[in-house]
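Given next are the chains, with one letter for each unit.
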Amino acid sequence: MTIQETQLAAWRDLAVSLARGAGELARRAQGEGWPADPPIEVDVERRMVHGITGRFRDHAVVSRLRRSGPDDADVVWLVDPLDGAQNYAIGFDVHGASLAVVADGEVVVGVVHDSVSGWTCSAVRGGGAEREGTVLRVRPAVPLAEATLSWIGRPSSISALLEDRAGRVLRTDAPSTDWALLAAGGTHAAVVGTDDRWALDAGLLLATEAGASHERVGDHVVVGPPDLVAEVLTLL
């Protein structure tokens, strides 16, 4: 399918609006002490799905809870209504929401939202990345021994090795936070040790559009400035 810039802009704008709404609802539920059953992500996911399918009836939406829309849709939205749900459940304020728009198998829009700060980062393929109107760029490379990395995935022998070799390794259990930090120049790189598309697709586009390179080796994806990516790859 041929995608017009106006379509990409419309998808991005809707994704940003839905991500912000998800964060606001999660904060409200937490602040007002809403019951834990049903989980807040059920309500957030329902609102996101309705927001997308109500405007784009020929699009499909795939969340961690269900799939909605046509089975043969050319455009599929991947939504994570409460990224970092386990953090949220224990009152640890590192959580957010993410959305990726996939057209003909290619991720063309990525949005991650930090529900605590209220910041939203977004990217359109070929159009750069931004946070609240500010252009995002990743940090320059530093030696691995001085770098701060995010590990996205369950602990493993690779994550243990990185903790031994890197300056610092973050494990937030909220990929939306990790990707926002990388794209905004807070961390130096991210290593993804999972094939979970909700953890990968939106953030990888965001980081790439902010200037990061990435390499896949087996089950791992290393994302960051090229020299640092190359150094991390020597450990995989």
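In what follows, the structure referred to is the one given above.
This structure is a prediction, so every number in the text was calculated from the model and none was measured. (Residues numbered from 1 in each chain as written. Predicted model: local features only at pLDDT ≥ 70, side-chain atom pairs only at ≥ 80, totals over all residues. Heavy atoms only, no water.)

Enquirer: Got a minute to help me understand the sheet that holds strand β5 (residues 106-114) in this structure?
Expert: Sheet strands line up and pair through hydrogen bonds in the backbone, either parallel or antiparallel. Reading across the sheet, the eight strands line up as β2-β1-β3-β4-β5-β6-β7-β8 and stay open at both edges, with mixed pairing between neighbours. Edge positions in the sheet fall to β2 (67-68) and β8 (134-135), since each of these pairs with one other strand and no more. When β5 meets strand β6 (residues 120-124), the two strands line up antiparallel, connected through five bridges. Looking at the pairing, V111 lines up with S122 of β6. Lying on the sheet, helix α5 (residues 175-183) is in contact with β3 (75-83), β4 (96-103), β5 and β6; it crosses β5 at an angle near 100°. Relative to β5, helix α6 (residues 197-209) is tilted by about 95°, and along the sheet it contacts β1 (60-63), β3, β4, β5, β6 and β7 (129-131). (Pairing = 2+ DSSP bridges. Helix = DSSP H or I, 4+ residues; strand = E, 2+ residues; numbered from the N terminus. Contact = heavy atoms within 4.5 Å. Axes fitted to C-alpha atoms, helices over the stretch in contact; angles between N-to-C directions.)

Enquirer: Any chance you could explain helix α4 (residues 157-165) here in plain terms?
Expert: Each full turn of the α-helix corresponds to 3.6 residues, which orients residues three or four apart in the same direction. Inspection of α4 places I158, S159 and L162 among the buried residues, and these make up the whole buried set. Relative to the axis of α4, the buried residues are bounded by an arc of 100° and lie together on one face. Exposed residues on α4 whose side chains face more than 90 degrees from its buried face are S157 and D164. In this fold, the buried residues of α4 make contact with β9 (148-152), β10 (168-170), β11 (189-192), β13 (220-224) and α7 (226-233). The N-cap residue of α4 is S156: its side-chain oxygen and the backbone nitrogen of I158 are 3.2 Å apart. (Buried < 20%, exposed > 50% of the residue type's maximum accessible area, 1.4 Å probe, protein only. Arc of directions from axis to C-beta. Polar contact = N/O pair within 3.5 Å; in protein donor to acceptor, adjacent residues only side chain to side chain.)

Enquirer: When you look at the pattern of salt bridges in this model, what are you seeing that I'm missing?
Expert: Should their charged atoms come close, side chains of opposite charge can pair. The full count for this structure, using the stated rule, is 13 salt bridges. Between R46 and D43 there is a salt bridge; the shortest N-O distance is 2.4 Å. With R46 and D43 both in helix α2 (residues 40-55), this residue pair falls three residues apart, about one helical turn. The salt bridge partner of D80 is R64, with a shortest N-O separation of 3.1 Å. (Salt bridge = Lys/Arg side-chain N within 4 Å of Asp/Glu carboxyl O.)

Enquirer: Looking at this structure, I do not really get the pairing of β6. What am I missing?
Expert: Remember that side chains alternate between the two faces of the sheet whenever the strand is regular. In terms of burial, β6 is largely enclosed, as five of its five residues are buried. Burial along β6 is two-sided: the face carrying T120, S122 and V124 and the face carrying C121 and A123 are both buried. As consecutive antiparallel partners, β5 and β6 are separated by five residues, and within that stretch G118 has a phi angle of approximately 85°, a positive value. As paired elements, β6 and β7 share three bridges and run antiparallel to each other. Pairing of S122 across the sheet is with E130, part of β7. Hairpin connection of β6 to β7: four residues between the antiparallel strands, including G126 at a positive phi of 80°.

Enquirer: How should I be thinking about the packing of helix α1 (residues 5-32) against α2 in this particular structure?
Expert: At a minimum axis distance of 10 Å, the contact between α1 and α2 shows a crossing angle of 160°. By the criterion of interaxial angle, the relationship of α1 to α2 is roughly antiparallel. Of the two possible hands of crossing, α1 and α2 adopt the one that is right-handed. For the pair α1 and α2, the contacting residues are A10, L14, L18, A22, L25, A26 and A29 in the first and I40, D43, V44, R47, M48, G51, I52 and R55 in the second. (Parallel < 35°, antiparallel > 145°, perpendicular 65-115°, else oblique. Left-handed = near helix turned anticlockwise from the far one by under 90°.)

Enquirer: I'm lost on the packing of aromatic side chains in this one. Help?
Expert: Aromatic rings considered in pairs are described by the distance between their centres and by the relative angle of their planes. With the rule as written, the count across this model stands at one aromatic pair. Between F56 and W77 the ring centres are 6.4 Å apart and the planes differ by 25°, which places this aromatic pair in the stacked class. In this pair, F56 is assigned in the loop between α2 and β1 and W77 in strand β3, connecting sequence segments 21 residues apart. Classification of F56 as buried rests on a relative accessible area of 15%. In this structure, R131 is placed above the aromatic ring of W119, and the distance from its NZ or CZ to the ring centre is 3.9 Å. (Phe/Tyr/Trp six-rings, centres within 6.5 Å; stacked < 30°, edge-to-face > 60°. Lys NZ or Arg CZ within 6 Å of the ring centre and 35° of its normal.)

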